[in-house]
Amino acid sequence: METSAVMWTAAVATAGLIYWFVWVMGAAEVKGKRAVDLKMGSITRDKVQDKYKQYWSFFRRPKETAEASSEKVPAFVDTFYNLVTDIYEWGWGQSFHFSPSIPGRSHRDATRLHEERVADLIGARPGQRIVDVGCGVGGPMRAIAARSGAHVVGITINEYQVGRARAHNRKSGLDTLCEVVCGNFLQMPFPDASFDGAYSIEATCHAPRLEDVYAEIHRVLKPGALYVSYEWVITALYRADDPDHVETIQGIERGDALPGLRAHDEVAAIARKAGFEVLDERDLARPPAGPWWTRLKMGRIAYWRNHLVVSALALLRIAPKGVVDVHEMLYETARHLSRGGENGIFTPMHMILCRKPLLAPKAEDGNPQESSS
């Protein structure tokens, strides 16, 4: 009798823990995605593990792979976001980026302020059309639209993210200001000179060649329009002859679908080559900014909690096979990101502010021509 009572108590306690972890804890930032609702984007359940293995094989040696097969990178970035979008949203929130920590303020507040800075930098205001290059599920888009009153058009390569972003836009009451389209930011489906401003937040790092995406952004901006980007870059402290530095950077690239991180001193030259004037450039992670990686370190307890949840859900076949592998990959990547931040060799917020000139470069006869694209 006592054995049966103990077993019954243990079963009730286990059920209570599962209920608490899955339904009560919900998402880290917003109750918008529950663990039981985790999908792998548009990948069917029976293909998740195969897609994960294909992704991991492709990005095992990021720079070598990208140089040899750059045309395949967009498709694998799409696969990556199918695999990780729900996990990001469940465990991180609707803004898939970092921000400097602010004493006395929540991560959510710090994220919002980091996004609102974008609106201020490009002078976004009501009546303007702004393009969000690599919008994810639209967290930054909604913050920027709410602050500025501008109409923001986001583009993402991932169809599943389009659906999630549109749903969030409706739920927040910002669907009249926020629009989302599916497309490759290397070939955007927008006319020349059709936007009053542009921004990208930790997104253009997925481009095999930064000059290609910058040239495309330059094309869709009106003359005189501003563009700001938060770039993932390797800092001046990186040493290519230090094995720990190399492993850290490659770990970030492997786990974030990056075809090779750029050096910090390459970005401005690439922007100028694309036709931009560079107005400002600085690392927003430098002091007095608080460390951006503290959230990753503080999230380790949450990781183990979430890992138990996804393992249980996969065992019960509620979550698709392969979700545990993806979750483990993201934890390992978080470890590399934290290490890169702590030793100062990597920053995810190298800010560059650019303007498309009012006049195009001089023609062969020496006379300036009015810029139109």
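Shown above is the structure to which this text applies.
Thresholds, definitions, all that
Residues numbered from 1 in each chain as written. Predicted model: local features only at pLDDT ≥ 70, side-chain atom pairs only at ≥ 80, totals over all residues. Heavy atoms only, no water. Patch = residues over 30% accessible without salt bridge, like charges linked within 9 Å, V, L, I, M, F, W, Y side chains within 5 Å. Areas by Shrake-Rupley, 256 points an atom, 1.4 Å probe, with all protein chains shown as cover. Salt bridge = Lys/Arg side-chain N within 4 Å of Asp/Glu carboxyl O. Helix = DSSP H or I, 4+ residues; strand = E, 2+ residues; numbered from the N terminus. Expected span 1.5 Å × (residues − 1). Buried < 20%, exposed > 50% of the residue type's maximum accessible area, 1.4 Å probe, protein only. Bend = angle between axes of the 7 residues up to and from the residue. Disulfide = S-S within 2.5 Å. Phe/Tyr/Trp six-rings, centres within 6.5 Å; stacked < 30°, edge-to-face > 60°.

A.B. asks: Could you give me a rundown of a nonpolar patch on the surface, with the residues and numbers involved?
C.D. replies: Among the surface-exposed residues, L315, L316 and I318 lie close enough to one another that they form a single nonpolar patch of about 330 Å² accessible area. Mapped onto the fold, L315 is located in helix α12 (residues 300-315).

A.B. asks: Lay out helix α5 (residues 107-121) in plain terms, naming residues and giving numbers.
C.D. replies: Spanning 15 residues, α5 covers 21 Å between terminal C-alpha atoms, matching the ideal 21 Å at 1.5 Å per step. The complete set of buried residues in α5 reads A110, T111, H114, E115, E116, V118 and A119. One or two steps after α5, the chain reaches G123, where phi turns positive at roughly 65°.

A.B. asks: Please give an account of helix α4 (residues 73-91) that cites residues and values.
C.D. replies: For α4, with 19 residues, the first-to-last C-alpha span of 26 Å sits near the 27 Å given by 1.5 Å per residue. Along α4, the sharpest kink reaches roughly 45°, centred on V84. Just beyond α4, the residue with positive phi is G93, at close to 130°.

A.B. asks: Provide a residue-level description of the state of the cysteines, including the pertinent values.
C.D. replies: One pass over the full model with this rule turns up zero disulfides. With no disulfide of its own, C178 lies closest to C135 among cysteine sulfurs, the gap being 9.6 Å. Here C182 is not cross-linked by a disulfide; its sulfur's nearest cysteine counterpart is in C135, at 9.3 Å. Judged by relative accessible area, which is 34%, C182 ranks as partly exposed.

A.B. asks: Please give an account of the packing of aromatic side chains that cites residues and values.
C.D. replies: For any pair of aromatic rings, the description consists of the separation of the ring centres together with the inter-plane angle of the planes. Tallied over the entire structure, the rule returns 17 aromatic pairs. Aromatic side chains Y52 and W56 sit 6.4 Å apart centroid to centroid with 15° between the ring planes, which places their arrangement in the stacked category. Taken together, the residues span about one helical turn, with Y52 and W56 both in helix α2 (residues 48-58) at a distance of four residues. Among the residues examined, Y52 registers a relative accessible area of 13% and is labelled buried. With relative accessibility at 30%, the residue W56 sits in the partly exposed group. Arranged with centres 5.1 Å apart and planes meeting at 40°, the rings of Y55 and F59 form a pair that is tilted. Residue Y55 shares its accessibility class with F59, and that shared class is buried.

A.B. asks: Explain the pattern of salt bridges to me, and be specific about the residues and the numbers.
C.D. replies: By the definition in use, this model includes 16 salt bridges. Put simply, R164 and E89 hold a salt bridge, and the shortest N to O gap is 2.5 Å. Taken together, the positions of R164 in helix α7 (residues 159-172) and E89 in helix α4 put the pair 75 residues apart, joining distant regions of the chain. A relative accessible area of 15% places R164 in the buried class. Measuring nitrogen to oxygen at the nearest pair gives 3.4 Å for the salt bridge that ties R209 to E211. Each of R105, D109, R112, E116, D120 and R147 takes part in salt bridges that share partners, so that together they form one network.

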